[in-house]
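# Residue-level structural notes
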Amino acid sequence: MKSIRKVVALCMLIGMLSIPATVYSQTSENMKQKHTNRLIHENSPYLLQHAHNPVNWYPWGEEALAKAKKENKVILVSIGYAACHWCHVMESESFENEETAKVMNDFFVCIKVDREERPDIDQVYMDAVQLMTGRGGWPLNCFLMPNGKPFFGGTYFRPDDWVKVLRGIQNAWLNDTDKVKSVADQIAQGIHANELITDKSEQTNFHLDDLKKGVNQWKTDFDTKEGGNNRAPKFPLPNGLQFLLHYYFFTQDKSALDHVSLTLDKMAKGGIYDQVGGGFARYSVDAIWKVPHFEKMLYDNAQLVSLYSEAYQLTKNPEYKSVVDQTLAFVDRELSLPEGGFYSSLDADSDGVEGKFYVWQKSEVDALLGADSKLFCEYYGITSQANWEQGNILMVQSYKQKLAMKYGLSVKEFDRKIKKGKQLLLDKRKHRIRPALDDKVLTSWNALMLKGYVDAYKAFGEEKYLQRAIKNAEFLQKYIWKGKGHLHRNYKDGISKINGFLDDYSFTIEAFVALYQATFDEKWLIASEDLIEHVLQHFSDDKSGMFFYTSDEDPALIARKMELLDNVIPGSNSSIAKDLFLLGTYLDKQDYIDRSAQMLGNVKERMSKVLSYHSNWAQLMFWFTNPLYEIVVVGDKAMASKKKIEAKFLPNALIAGSTKASNMPLLQNRYVNGQTTFYLCRNKTCKLPVTKVADLFNQLNIEMKEGK
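Residues numbered from 1 in each chain as written. Predicted model: local features only at pLDDT ≥ 70, side-chain atom pairs only at ≥ 80, totals over all residues. Heavy atoms only, no water.

### A few points about the state of the cysteines
Our working rule: Two cysteine sulfurs form what is called a disulfide whenever their separation falls within 2.5 Å. Throughout this description, buried means an accessible area under 20% of the type-specific maximum (1.4 Å probe, protein chains only), exposed means over 50%, and partly exposed covers the range between.
With the rule as written, the count across this model stands at two disulfides. Each sulfur of the disulfide joining Cys84 and Cys87 lies 2.3 Å from the other. Handedness of the Cys84-Cys87 disulfide follows from its S-S torsion of about 80°: it is right-handed. With respect to class, Cys84 is no different from Cys87; both count as buried. Between the sulfur atoms of Cys681 and its disulfide mate Cys686 the distance is 2.0 Å. As the torsion about the S-S bond is roughly 100°, the Cys681-Cys686 disulfide counts as right-handed. Here Cys681 falls in the buried class, since its relative accessible area comes to 2%.

Structure, rendered in structure tokens:
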């Protein structure tokens, strides 16, 4: 791209690129509040963290953008999120510095953005920085022309380097404006073209061999010793692992299941998992899942609950149930609003130190556990020297059975001692300075967590998980749902003011469909249909058949993006494509299914190149290469019978049912008073109805063996 050479030249003119951090100092919460800027009127915890900086921050909006145009000033957009460690570092080092703030205020219009509230803005300027530098991350700092086109950016900058960048940018804007404008135009073109499909593909044929080729290529990236990908840092990437579970089911390729099992086992025993309080950190900085980046995000834990629940359905590994139970206990204890919603995250830092809340000195453990400390410390690798710079990170270091035998204990007695020790540490930890809580509610993340509770209910049959899912769904309807089919993005302190993005709709639909499957309450399907019709009206790109991330009701940015890749969270286009397929099947709307197939055809060529970042699309492809079985349960005892079905791992089937007569397409004319009946259907053809679950499973097993 020609613009790259111009960007390099501009970087040389400015004289600086962003570089990694090595130090940390106190945050603004510990400083005297001498200043107040416009962020004080926002309700995002991240923006409020910066409300008393000496920098004259603006929130993203017309006031700031108009000021830049009127005064012909460069815009600085600084993007981060509340749990971001290096965002805090840069704030304390640069944004709280009076002299640095003066330079920023004199020369720039400074805008702060919470990437979790405004992922649309983050997408645009993250693309810009990646085009310019080849990498991205947060904090994200991007310099724009007054018209919003970016021309320079980076991530974290050390204090002295940041001042050099500010002065270099100002010098370039005043003395080399034509070069700045040229670079901005080139970068804008790159942003428009990146991750965008412009025309419909003619390809709509899907074959299992397409997925096999992609998986074989993916396997070269497997870490066969520690699980996950063979590099550091390591992210869980739950959607990819979920696909591999489904891939094993359809192909019986045991290496796929082995990789998932190894990864789940290693994560559950590692430092990335909070051994004391449950829940997962965002990623591990090393290759052995030992040292986490300590922030805990709702979206990670939501998806991992779903993943471990599905893995339990397939393997019946009791350790997976333990992980789910402990993680949901953490969510209930630390990320739950009384009204039914879920908070967004916990910070990595407490008392100004990363990970301080979670690590232990051996002397502390000895004092708490007494005679049981030796066993506990050996199991979790706790030593006097400590296994990390701030203290001991708990990580399972010994085989349970072997260690129990060494100490003359049964496995049951061993488990009891470990459980007691963990509870003592958890009780002690409650008195420490806690990591900061990002207490805003995000619709898409809440929907992921809602589905996590539903998936846990299906796997384990525990009613409390279903009731928690229903409570969250009712919360979303009460506080987030604004008119027929119209969702907002956020909620905090009674305020919800940002229009929903595509993932808010797609994940909510997916969660509501799952809730229908768990309850047979058709109101969740009706709600899902309202939402999908809103998406079709306001997000659709009729030329390509795909969907934009932003609604046509929102003010335009310099580019209207499509989210195609599946990453730590599934992409919103793959999610909405799956929604269209499921709702098309439940509601007998072939146009929904056809639209889903068109979307999948559009990305098929991209999938063949990197399947691991199209894993949600790949799950959809299974439904087209192996048409789903429809399991229908109708009758007075439908709910009890359903539990026996959904406890099994059946990614090739969807379930519908009712305890009474229904006009839903799959249920019409199937209710018989006083009888519970099961129907197994596929491709609009049904087997003879049966009245026992065992007979239904027998039909399904025969069908699957015959490959029909």
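Back to the text.
### Remarks on a nonpolar patch on the surface
As a reminder, the rule being used: Exposure above 30% relative accessible area and no salt bridge define the residues that can form patches, which grow by joining like charges within 9 Å and nonpolar side chains of Val, Leu, Ile, Met, Phe, Trp and Tyr within 5 Å. Areas reported here follow the Shrake-Rupley algorithm with a probe of radius 1.4 Å; residue values treat only the protein chains shown as occluding. For this document, the term salt bridge refers to a Lys or Arg side-chain nitrogen within 4 Å of an Asp or Glu carboxyl oxygen. In this text, helices come from DSSP runs of H or I with a minimum length of four residues, and strands from runs of E with a minimum of two, each type numbered from the N-terminal end.
Residues Leu565, Val610 and Tyr613 make up a contiguous nonpolar surface patch of roughly 220 Å² in combined accessible area. One can find Leu565 in the loop between α21 (523–538) and α22 (572–587).

### Examining the sheet that holds strand β4 (residues 140–144)
Applicable threshold: Here, any two strands with at least 2 DSSP bridges between them count as paired. Between two residues, a contact is recorded if the distance between any of their heavy atoms is within 4.5 Å. Axes, fitted as lines to C-alpha atoms, cover a helix only where it is in contact. Angles between the N-to-C directions of the axes lie from 0 to 180 degrees.
Sheet architecture is open: five strands sit in the order β1-β3-β2-β4-β5, paired in mixed fashion. With partners counted over all chains shown, the strands left at the sheet margins are β1 (58–59) and β5 (150–154), one partner each. Summarising the sheet, β4 and β5 pair through four bridges and their orientation is antiparallel. Bridge pairing links Leu144 to Pro150 in β5. Each of β2 (74–80) and β3 (108–114) is contacted by helix α5 (residues 98–107), which is oriented at about 105° to β3, the strand it contacts most.

### Quick word on the packing of aromatic side chains
Test applied: In summary, the pairing rule links any two rings of Phe, Tyr or Trp, Trp by its six-membered ring, whose centres are within 6.5 Å, and it sorts them by plane angle into stacked for under 30 degrees, edge-to-face for over 60 and tilted for everything else. Working rule: Lys NZ or Arg CZ, within 6 Å of ring centre, within 35 degrees of ring normal, means a charge sits over the ring.
Within this structure, the stated rule accounts for 41 aromatic pairs. A centroid spacing of 5.8 Å and a plane angle of 10° characterise the contact between Phe342 and Tyr453, whose relative ring orientation is stacked. Note that Phe342 is positioned in the loop between α13 (318–334) and β9 (345–346) and Tyr453 in helix α18 (residues 443–460), a separation of 111 residues in sequence. Like Tyr453, Phe342 is buried. Relative to Tyr358, the ring of Phe357 lies with its centre 5.1 Å away and its plane at 90°, an arrangement referred to as edge-to-face. Note on Phe357: relative accessible area 2%, which makes it buried. Through a chain of ring-to-ring contacts, the aromatic side chains of Trp218, Phe222, Phe243, Tyr247, Phe249, Phe250, Phe622 and Phe649 assemble into a single cluster. If you follow Lys642 out to its NZ or CZ, it ends over the ring of Phe520, 5.8 Å from the centre.

### What about the layout of surface pockets?
The line we're drawing: Cavities and pockets are found on a 1 Å grid laid over the protein atoms alone: a cavity is a set of points where a 1.4 Å probe fits but cannot escape, a pocket is an open set with protein on both sides within 12 Å along at least five of seven lines, and a lining residue has an atom within 4 Å of such a point. Grid points are joined across faces, edges and corners, and a volume is the space filled by probe spheres set on the points. Polarity classes work like this: nonpolar for Ala, Val, Leu, Ile, Met, Phe, Trp, Tyr, Cys and Pro, charged for Asp, Glu, Lys and Arg, and polar for all others, with Gly in that last group.
Of the pockets and cavities examined, the second largest pocket occupies roughly 900 Å³. Taken together, 31 residues line the second largest pocket, and the ones lying closest to its centre are Glu319, Ser322, Gln326, Tyr380 and Lys422. Elements with a minimum of two residues in the lining of the second largest pocket: α11 (254–269), α13, α15 (373–380), α16 (400–406) and α17 (411–429). Each residue belonging to the lining of the second largest pocket can be placed in one class, and the counts come to 13 nonpolar, nine polar and nine charged.

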